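Below, each chain spelled out in residue letters.
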Amino acid sequence: MIVTIDGPAGAGKSSIARQVADRLGFEFLDTGAMYRAVTLGAIWNNIDFQDVDALVAYVRSVNLKWHKNRISLNDTDVTNEIRTPTVTGAIHVLADLAEVRAQLSQQQRRIAEGRDIVTEGRDQGTEVFPDAECKIFLTASPQERAVRRQQQLAAAGRNVPIEDVIVSQNRRDEEDRSRPIGSLRPADDAVLLHSDGMTPDEVLQKALDIIAAAAETAAEVPRR
Ligand SMILES: Nc1ncnc2c1ncn2[C@@H]1O[C@H](COP(=O)(O)OP(=O)(O)OP(=O)(O)O)[C@@H](O)[C@H]1O
Ligand SMILES: Nc1ccn([C@@H]2O[C@H](COP(=O)(O)O)[C@@H](O)[C@H]2O)c(=O)n1
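Source: prediction; values computed, not measured.

(A) View of the overall build of the chain. Secondary structure assignment for the chain yields 9 helices and 8 strands. Projected onto the principal axes, the alpha-carbon positions of the chain cover approximately 50 × 40 × 30 Å. A total of 224 residues make up the chain; the buried ones form 46% of that total. For the chain, the share of sequence-separated contacts (at least 6 apart) that also reach a separation of at least 24 residues comes to 74%.

Here it is as structure tokens:
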């Protein structure tokens, strides 16, 4: 069974998707980590971000591996290095390129093949797994997401003013919504889960309920 969780920055996708996968004994895939890793690699290799051909050739050449919730790039574990503001600010350049998206989407489908998996990102329910048995669009208001993100950053030792969190969050959501391919949007058949005022445990339970209902429907309706 494939469960997709898409949504805007800071909606809680990775934390909820990981817990859902643990509870159900499914694999978990963080597709944002893949976009982050190739962006980090392009920076490390001094690739000109204006040079589309060079970026695409680079992404084609790299060996990206997702294993036990960690990501490696050409056999170097970059799970921690991909979370810097420099990487976050540059991702949109690669994420906007159709060839890069095609390459990473193909890898995502390969990873999911034959597995029970919870995969999260922006385009999982719309572009990568249009036939997924269960699609969730997890969201929350910009203010609530920013407060959660600010707390997450503070816990990691970075005290960032809420205004700055909101500005960068809004910029990223706008970039993610406006790209021509793989844009941030709910699939027509996604269930909307709006988490304002809900604790993480309540969101987890709601997600599990949505998945249980979808699994029941999938058992009744044979796959196309
Ligand atoms: N319902 C909730 N209530 C309070 N905090 C939450 C809730 N859901 C998630 N969080 C917290 O919000 C922060 C952001 O969550 P998370 O990293 O899972 O978001 P995300 O959607 O994966 O973000 P991004 O796409 O930017 O990586 C984390 O610290 C997480 O623990
Ligand atoms: N399926 C996806 C996942 C991510 N992106 C882009 O990567 C950025 C980082 O994602 P995080 O979830 O790790 O914050 C995100 O802002 C998107 O630009 C994507 O395009 N498609």
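(B) Spotlight on helix α8 (residues 162–178). Compared with the 24 Å implied by 1.5 Å per residue over 17 residues, the 24 Å span of α8 between its first and last C-alpha is a close match. Buried residues of α8: Val165, Gln169, Arg172, Asp173 and Asp176, and no others. Buried residues of α8 fall within an arc of 100° about the axis and therefore sit on the same side. On its buried face, α8 is in contact with α2 (31–44), α4 (85–95) and α7 (142–155).

(C) Local environment of the nonpolar core. Val20, Leu64, Ile71, Val100, Leu104, Val118 and Ile136 are the most contacted members of the largest nonpolar core, which totals 54 residues. Both of domain 1 (1–25 + 118–224) and domain 2 (27–115) provide at least three residues apiece to this core. Residue contacts for Val118: discarding those within four places in its chain leaves Val3, Ile5, Ala17, Val20, Ala21, Phe26, Glu27, Phe28 and Leu29.

(D) Seen up close, the site of ligand 1. As a structural note, the neighbourhood of ligand 1 is formed by 17 residues, with Gly12, Lys13, Ser14, Ser15 and Arg149 the closest of them. A distance of 2.9 Å separates an oxygen atom of ligand 1 from a polar backbone atom of Gly12. Residue Lys13 places a side-chain N or O atom 2.6 Å away from an oxygen atom belonging to ligand 1. When the free accessible area of ligand 1 is taken as 640 Å², the share hidden by the protein chains comes to 82%. Taken together, the elements giving at least two residues each to the shell around ligand 1 come down to α1 (13–24), α7 and α9 (200–220). Taken together, the residues of the shell around ligand 1 break down into 6 nonpolar, 6 polar and 5 charged.

(E) Inspection of the pattern of salt bridges at higher detail. Inspection of every chain in the model, using the stated rule, returns 10 salt bridges. Across the pair Lys135 and Asp189 runs a salt bridge, and its minimum N-O distance is 3.0 Å. Taken together, the positions of Lys135 in strand β7 (residues 134–139) and Asp189 in the loop between α8 and β8 (191–194) put the pair 54 residues apart, joining distant regions of the chain. Exposure remark for Lys135: the relative accessible area of 6% places this residue in the buried category.

(F) Structural view of the sheet that holds strand β5 (residues 76–77). With respect to topology, 3 strands assemble into an open sheet ordered β3-β4-β5, the strand pairing being antiparallel. Each of the sheet's edge strands pairs with one partner strand only, and the pair in question is β3 (64–67) and β5. Summarising the sheet, β3 and strand β4 (residues 70–73) pair through 4 bridges and their orientation is antiparallel. Its bridge partner being in β4, Leu64 is matched across the sheet by Leu73.

(G) Seen up close, the site of ligand 2. Near ligand 2 you find 15 residues, and of these Arg36, Arg101, Asp123, Arg172 and Asp176 are the closest. Take Asp176: an N or O atom from its side chain is 2.6 Å from an oxygen atom of ligand 2. With the chains in place, 96% of the 460 Å² that ligand 2 exposes on its own is no longer accessible. Of all the secondary-structure elements, those providing two or more residues to the shell around ligand 2 are α2, α4 and α8. Among the elements that make up the shell around ligand 2, the one with the highest residue count is α2 (4 residues). Each of domain 1 (1–25 + 118–224) and domain 2 (27–115) contributes no fewer than three residues to the shell around ligand 2.

(H) View of the sheet that holds strand β2 (residues 27–30). The strand order across the open sheet formed by 5 strands is β2-β6-β1-β7-β8, and the pairing between neighbours is parallel. Either end of the sheet is taken by a strand with one partner, and the two such strands are β2 and β8. The mean angle between the axes of side-by-side strands here comes to 20°, regardless of whether they run parallel or antiparallel. Contacting β2 and β6 (117–121), α2 runs over the sheet at an angle of about 40° to β2. Of the strands in this sheet, β1 (2–6), β7 and β8 touch α9, which is tilted by about 155° from β7.

Rules behind the numbers
For every chain, the first residue of the written sequence is number 1, and numbering continues from 1 along that sequence. To label them, take the chains in the order written and letter them from A, then take the ligands in the order written and number them from 1. Local features are withheld for residues below a pLDDT of 70 in this predicted model, meaning they are given only at 70 or higher, and side-chain atom pairs are given and counted only at 80 or more; totals for whole chains, interfaces and linings count all residues. By convention in this description, side-chain values take in all heavy atoms of the structure and omit both hydrogens and water. Secondary structure is summarised from DSSP: a helix means a run of H or I of at least four residues, a strand means a run of E of at least two, and numbering begins at the N terminus for each. The buried label applies to any residue whose accessible area, calculated with a 1.4 Å probe on protein chains only, is under 20% of its type's maximum; exposed applies above 50%, and partly exposed to all values in between. Contacts between residues were defined by any pair of non-hydrogen atoms, one from each residue, lying within 4.5 Å. Here, expected helix span is obtained from the residue count minus one, scaled by 1.5 Å. What the arc describes is the spread of directions from the helix axis to the C-beta atoms. Remark: nonpolar core denotes a set of buried residues (Ala, Val, Leu, Ile, Met, Phe, Trp, Tyr, Cys) joined through side-chain atoms within 4.5 Å. Domain start and stop points were drawn from an automatic or database domain assignment. Here, proximity means that at least one heavy atom of the residue falls within 4 Å of the molecule or strand. By the criterion applied in these results, polar contacts are pairs of N or O atoms within 3.5 Å in which, for protein atoms, one can donate a hydrogen and the other can accept it, and in which residues neighboring in sequence qualify only through two side-chain atoms. In this description, accessible areas are obtained by the Shrake-Rupley approach with a 1.4 Å probe, and a residue is regarded as covered only by the protein chains that are shown. Gly is put with the polar residues, along with every residue not named as nonpolar or charged; the nonpolar set is Ala, Val, Leu, Ile, Met, Phe, Trp, Tyr, Cys and Pro, and the charged set is Asp, Glu, Lys and Arg. The working definition used for a salt bridge is a side-chain nitrogen of Lys or Arg within 4 Å of a carboxyl oxygen of Asp or Glu. For two strands to pair, DSSP has to find at least two bridges joining them. Convention adopted: a line fitted to C-alpha atoms gives each axis, helices being fitted over their contacting stretch, and angles between N-to-C directions are expressed from 0 to 180 degrees.

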